[in-house]
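# A look at the structure
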Amino acid sequence: MSISLLVSAVLRYGDFFGGTLMGSRWSTKDTVSHLMDQARQGVAWLKERSSAPHLAVIIVGDDPASHVYVRRKVEACSELGVKSTRIDLPEDVTESEMLDEVKRLNQDDDVDGILVQLPLPSQVSANAVIEAIDPDKDVDGFHPVNVGRLALGQAGLFPCTPVGVMALMKQSLPELKGKHAVVIGRSAIVGKPMAHLLLHAHCSVTIIHSRTPNPQSICQLADIVVVAVGRPGLVDGSWLKPGAVVVDVGINEIKDKELARRLFGEDSKKYARFMRSGRALVGDVDYRSALGVAAWVTPVPGGVGRLTIAQLMLNCVTAAKRRLS
Ligand code: NAP
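In this text the structure is predicted, and so the values were computed from the model without any measurement.

So, how was this worked out
- Residues numbered from 1 in each chain as written.
- Predicted model: local features only at pLDDT ≥ 70, side-chain atom pairs only at ≥ 80, totals over all residues.
- Heavy atoms only, no water.
- Pairing = 2+ DSSP bridges.
- Helix = DSSP H or I, 4+ residues; strand = E, 2+ residues; numbered from the N terminus.
- Axes fitted to C-alpha atoms, helices over the stretch in contact; angles between N-to-C directions.
- Core = buried A, V, L, I, M, F, W, Y, C linked by side-chain atoms within 4.5 Å.
- Buried < 20%, exposed > 50% of the residue type's maximum accessible area, 1.4 Å probe, protein only.
- Domains from an automatic or database assignment.
- Parallel < 35°, antiparallel > 145°, perpendicular 65-115°, else oblique.
- Contact = heavy atoms within 4.5 Å.
- Nonpolar A, V, L, I, M, F, W, Y, C, P; charged D, E, K, R; others polar.
- Right-handed = clockwise from strand over helix to strand, strands pointing away.
- Near = heavy atom within 4 Å.
- Polar contact = N/O pair within 3.5 Å; in protein donor to acceptor, adjacent residues only side chain to side chain.
- Areas by Shrake-Rupley, 256 points an atom, 1.4 Å probe, with all protein chains shown as cover.
- Patch = residues over 30% accessible without salt bridge, like charges linked within 9 Å, V, L, I, M, F, W, Y side chains within 5 Å.
- Salt bridge = Lys/Arg side-chain N within 4 Å of Asp/Glu carboxyl O.
- Lys, Arg positive; Asp, Glu negative; His and termini not counted.
- Charge placed at Lys NZ, Arg CZ, Asp CG, Glu CD.

### What about the sheet that holds strand β2 (residues 83-89)?
In a beta sheet, neighbouring strands are held together by backbone hydrogen bonds and run either parallel or antiparallel to one another. Taken together, the three strands give an open sheet; going across it, the order is β2-β1-β3, and neighbouring strands pair in parallel fashion. Strands at the two margins of the open sheet, each flanked by one partner only, are β2 and β3 (113-116). Geometrically, the sheet is characterised by an average inter-axis angle of 15° between neighbouring strands, direction not taken into account. Here strand β1 (residues 54-60) runs beside β3; their pairing, made up of four bridges, is parallel. Bridging across to β3, alanine 56 finds its partner in isoleucine 114.

See below:
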């Protein structure tokens, strides 16, 4: 960011939050460290009671992206001393074989958390598998019991990405109460739980989805915007109110040269890198354009993705502590 953009962003940030944010930080890196520290302390506490948390991860088939995600989760476990077991099942696994595996893990007293890496092959119903997981071992927070607990404001295990985003906002913004938050996307994994969490934090929440007319004009009213859509660069500066804070959850691989030119600018290092490799990872927000209007925008890569894994570690600790007590 240029100096003038940085200065104007800081001034807008201060204006929007009545000056109270001057000098405060908005850093995903700090929140990731904070969550990992909390998880580390939890693991130490559990180990003192001879009860180190144990995460079981089921992965089906050879989808490269799924393998990358699982590898990162297992690496985070070993960094924190969380025991992990990886169960690889073949692409042609049947639904009943998967349900048997989940049942076995439910009954295994040594296992605290069960995570089924999505997507699953078409012959297996993801809903059936998720519903088979013991809700108290459901570290992804996708089981209907945990969805209900979240909607009701009760304690439970909740989806890692939106909970991680809330941790970021609570750490970085002095006041969420009364803010108008717009969530773009209504998936069960991100959009809906995000909206519930913001509502519990006393925001006024609007959800935008693919059938919402004039999404841009609704978004322009928002103090806080969380985007989880899966459309590269959908939200640009023209969607935003000056001084809004923007969290970009989207992760998209782009290969289109024109899109890369629009998002990165022809003279940028990112565009040069794109031209060398023919691909790049971008979010749902046109970062350059949004930064000219918003107070803050989380980057992609290097933003929300790392929060998700840190929060997963914390969910494992929470599940292990609850089972112990
Ligand atoms: P999803 O299940 O495909 O849901 C996408 C949502 O976006 C849907 O609710 C859809 O509306 C809405 N949508 C689609 N096009 C739209 C448009 N033009 N305007 C407004 N809304 C639109 O996706 P997801 O699982 O929530 O993931 C969203 C993005 O976040 C993806 O890029 C994914 O890779 C990323 N993600 C990142 C993390 C992380 O750790 N950083 C975690 C999870 C997901 P309808 O419901 O009307 O179809």
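### Regarding the nonpolar core
By size, the foremost hydrophobic cluster in this structure holds 55 residues, and its most contacted members are Leu55, Met169, Leu198 and Ile224. Viewed by domain, this core spans two of them, domain 1 (50-138) and domain 2 (159-307), each represented by three or more residues. One finds Ile208, Val225, Trp239 and Ala290 within the second-largest nonpolar core, a separate group that totals 17 residues.

### A word on the packing of helix α7 (residues 160-172) against helix α13 (residues 304-324)
Where α7 meets α13, the closest approach of the two axes is 8 Å, and the angle between their N-to-C directions is 105°. Judged by the inter-axis angle, α7 sits roughly perpendicular to α13. Contact residues: α7 offers Cys160, Thr161, Val163, Gly164, Val165 and Leu168, while α13 offers Val304, Leu307, Thr308, Gln311, Leu312 and Asn315. Partitioned by chemical class, the residues of the contact of α7 with α13 number seven nonpolar, five polar and no charged.

### Some thoughts on the side chain of threonine 28
Here threonine 28 is to be found in helix α2 (residues 28-48). Those residues within four positions of threonine 28 in sequence are excluded, and the remaining contacts are Leu168, Thr298, Gly302, Gly303, Arg306 and Leu307.

### Brief notes about the pairing of β1
Sheet faces and side chains relate simply in a regular strand, where the side chains alternate between the two faces. Of all seven residues in β1, seven are buried; the element is thus mostly enclosed. Residues of β1 alternate between two faces, with His54, Ala56, Ile58 and Val60 on one and Leu55, Val57 and Ile59 on the opposite face, all of them buried. Pairing geometry for β1 and β2, over seven bridges, is parallel. Looking across to β2, one finds that alanine 56 is bridged to threonine 85. Taking the sense of rotation as the criterion, the β-α-β connection linking β1, helix α3 (residues 64-80) and β2 turns out right-handed.

### With respect to the site of the ligand
Taken together, the neighbourhood of the ligand is formed by 19 residues, with Arg186, Ser187, Ser210, Ile251 and Thr308 sitting nearest. One of the side-chain N or O atoms of arginine 231 is found 3.5 Å from a nitrogen atom in the ligand. Computed on the free molecule, the ligand has an accessible area of 930 Å², of which 71% lies beneath the protein chains in the complex. Of the residues in the shell around the ligand, the class split is seven nonpolar, ten polar and two charged.

### Side note on the sheet that holds strand β4 (residues 180-184)
In space, the five strands of this open sheet follow the order β5-β4-β6-β7-β10, with parallel pairing throughout. Both outer strands of the open sheet, β5 (204-208) and β10 (296-297), are each paired with one neighbouring strand and no more. Summarising the sheet, β4 and β5 pair through five bridges and their orientation is parallel. Bridging across to β5, alanine 181 finds its partner in valine 205.

### Quick look at the environment of arginine 276
Residue position: arginine 276 is located in helix α11 (residues 269-277). Judged by its relative accessible area of 64%, arginine 276 is exposed. Separated by 30 residues in sequence, arginine 276 and valine 246 place their C-alpha atoms 30 Å apart.

### Details of a positive patch on the surface
Judged by side-chain charge, Lys269, Lys270, Arg273 and Arg276 come together as a positively charged surface patch. Residue position: lysine 270 is located in helix α11. According to the relative accessible area criterion, lysine 270 is partly exposed, its value standing at 38%.

### Observations concerning the pattern of salt bridges
Enumeration over the complete set of coordinates arrives at 16 salt bridges. One continuous salt-bridge network, built from bridges that share partners, spans Asp37, Arg40 and Glu79.

### Let's talk about unusual backbone geometry
Residue proline 119 is bonded to the preceding leucine 118 through a cis peptide linkage, with omega at 5°. Relative to the helices and strands, proline 119 is located in the loop between β3 and α5 (126-132). In this model, valine 300 is joined to proline 301 through a cis peptide bond whose omega is -5°. One non-glycine residue, histidine 202, lies in positive phi territory at about 70°. Topologically, histidine 202 is positioned in the loop between α8 (191-200) and β5. Positive phi is not limited to glycine here, since asparagine 214 has a value of about 50°.

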